[in-house]
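Remarks on the overall topology
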Amino acid sequence: MAASWCTISSPSTSEGVSLTAAKERGQLVFLEGLKSCLDLLFGEEEKQSGQPSPLQFISESASDLKALFDFVRTSLTPAGSDSWKGPVLLVDDLSVLLSLGATPVAVLDFIHYCRVAVCYQLKGNIVVLVHSNEDSEDEENELIVNSLCHHSDLILWVEGLATGFCKDVHGQIKIIRRVSLELTAEQDLVQIYQYKIQDKNVTFFARGLSAAVL
C-alpha cells in the first residue's frame, strides 16, 4: 500500500496562509525545482544570476548538496535589520533528490544541517514530504523515510483505504506524536482519522463516522 509521509521537526500550525501573498511581502522564498533543473541543464541559471545553482549536484559527478543547503541558509538570513521569527522550511518532496542522483547519505546530511540551522539556531520548523510503499524494493528511499521518522517530532502518514475506493471516504491519515523523543519511558501518541477531499476543502472525521455511515 502506497503512503505519503509528512514528517515535521518542532511542529507548529498555521491556517489561512496565502503563499502568493507571502512571497509578494518577502515572507516566502521559493525554489522552483523543475525550472532550476532545466535552466541548469541548458546553462541558463548561472548566466542569469551569476551564482552556482542550488541544484548544482545534477551536473557534477559527486552528489554534494552543499549548494542547496547554502541556498536555504542564505534565504533564511534576511538582509539589514529584518529577522525571521519562527521560519519554516518546506521540502516537497525529498524523494525527488534521490531521483536526481543524490545519494542517501548526501540527502540525510542535507536534512541534518537544515535541522541544525532551522530548528536549533533559528528556532524554526522543518516540514518534509516523502513517499513510501510497504512493497517497495527501493532500499535507498526507505532508508530516508525511516531516518526521517526516527528524528521527527510529528509524523503525518496519509494513505488510501485498505478496502479500496469509496466516494465518501478518500483515505485515512495517521497522526503520530513522537512523545518518546522527550520521554523515553512513554509511548508515542497515535490518532487515526479518515478524510474526504472536496473542491476547496478537506473534511476529517473519526473512522466509521463519515456522512455515508451516519
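In short, a report on the structure. Being a predicted model, the structure only gives us computed values, none of them experimental.

1. As for the packing of aromatic side chains
Each aromatic ring pair is specified by the distance between its two centres and by the angle formed by the two planes. Taken as a whole, this structure holds two aromatic pairs when the rule is applied. Here phenylalanine 69 and tyrosine 113 contribute two aromatic rings whose centre-to-centre distance is 5.9 Å and whose plane-to-plane angle is 45 degrees, an arrangement assigned as tilted. On the criterion of sequence distance, the pair formed by phenylalanine 69 in helix α4 (residues 66–75) and tyrosine 113 in helix α6 (residues 104–121) is long-range, its members being 44 residues apart. Both rings, one in tyrosine 195 and one in phenylalanine 204, keep their centres 6.3 Å apart while their planes meet at 50 degrees; by these two values the pair is tilted. On the basis of relative accessible area, tyrosine 195 is assigned to the buried category, the value being 11%. For phenylalanine 204, a relative accessible area of 48% corresponds to the partly exposed category.

2. Considering a nonpolar patch on the surface
On the surface, Leu34, Leu38, Leu41 and Phe42 cluster together into a nonpolar patch covering about 480 Å² of accessible area. With respect to the secondary-structure elements, leucine 41 resides in helix α2 (residues 33–41).

3. Remarks on helix α7 (residues 139–151)
The terminal C-alpha atoms of α7 lie 19 Å apart, and with 13 residues this matches the ideal 18 Å at 1.5 Å per residue to within 8%. All of the buried residues in α7 are Asn141, Glu142, Ile144, Val145, Ser147, Leu148 and Cys149.

4. Thoughts on the environment of leucine 90
Topologically, leucine 90 is positioned in strand β2 (residues 88–92). With 38 residues separating them along the chain, leucine 90 and valine 128 place their C-alpha atoms 6.0 Å apart.

5. A few points about the packing of α6 against α7
The description of two packed helices rests on the angle between their axes and on the distance between the axes. Packing of α6 against α7 brings their axes to within 10 Å, and their N-to-C directions diverge by 20 degrees. In terms of orientation, α6 lies roughly parallel with respect to α7. Of the two elements, α6 crosses α7, and the hand of that crossing is right-handed. Between α6, through Pro104, Val107, Leu108, Ile111 and Arg115, and α7, the contact on the second element is made entirely by Glu140, Leu143, Ile144, Ser147, Leu148 and His151.

6. Details of the nonpolar core
Counting 32 residues, the largest nonpolar core has Leu65, Leu94, Leu97, Val107, Phe110 and Val128 as the members making the most contacts within it. Counting residues per element, the ones that place at least two in this core are α2, α4, β2, α5 (95–99), α6, β3 (125–133) and α7. Take this core: its biggest share by element is eight residues, from α6. Dropping the residues within four chain positions of it, valine 107 is found in contact with Leu65, Leu94, Leu97, Leu98, Ala102 and Ile144.

7. Re the pattern of salt bridges
Taken as a whole, this structure holds four salt bridges when the rule is applied. Between arginine 73 and aspartate 70 there is a salt bridge, with its nearest N and O atoms 2.8 Å apart. Remark: aspartate 70 and arginine 73 occur in helix α4; sequence separation between them is three residues, near one turn of the helix. In this structure arginine 73 comes out as partly exposed when scored by relative accessible area, which is 42%. Two residues, lysine 196 and aspartate 168, come together in a salt bridge whose shortest N-O distance is 3.8 Å. A residue pair is termed long-range when its members are at least 10 positions apart, and lysine 196 in strand β6 (residues 189–197) and aspartate 168 in the loop between β4 (154–159) and β5 (171–177) qualify at 28 residues. Salt bridges here are not isolated pairs; linked through shared partners, they connect Lys66, Asp70 and Arg73.

8. Description of α2
Along an α-helix, residues three or four apart share an orientation, since each turn contains 3.6 residues. Taken as a whole, α2 has its buried residues at Ser36, Cys37, Asp39 and Leu40. Down the axis of α2, the smallest arc covering the buried residues is 170 degrees, so these residues share one side. Facing away from the buried surface of α2 by more than 90 degrees, the exposed residues are Leu34 and Leu41.

Rules behind the numbers
- Residues numbered from 1 in each chain as written.
- Predicted model: local features only at pLDDT ≥ 70, side-chain atom pairs only at ≥ 80, totals over all residues.
- Heavy atoms only, no water.
- Phe/Tyr/Trp six-rings, centres within 6.5 Å; stacked < 30°, edge-to-face > 60°.
- Helix = DSSP H or I, 4+ residues; strand = E, 2+ residues; numbered from the N terminus.
- Buried < 20%, exposed > 50% of the residue type's maximum accessible area, 1.4 Å probe, protein only.
- Patch = residues over 30% accessible without salt bridge, like charges linked within 9 Å, V, L, I, M, F, W, Y side chains within 5 Å.
- Areas by Shrake-Rupley, 256 points an atom, 1.4 Å probe, with all protein chains shown as cover.
- Salt bridge = Lys/Arg side-chain N within 4 Å of Asp/Glu carboxyl O.
- Expected span 1.5 Å × (residues − 1).
- Axes fitted to C-alpha atoms, helices over the stretch in contact; angles between N-to-C directions.
- Parallel < 35°, antiparallel > 145°, perpendicular 65-115°, else oblique.
- Left-handed = near helix turned anticlockwise from the far one by under 90°.
- Contact = heavy atoms within 4.5 Å.
- Core = buried A, V, L, I, M, F, W, Y, C linked by side-chain atoms within 4.5 Å.
- Arc of directions from axis to C-beta.

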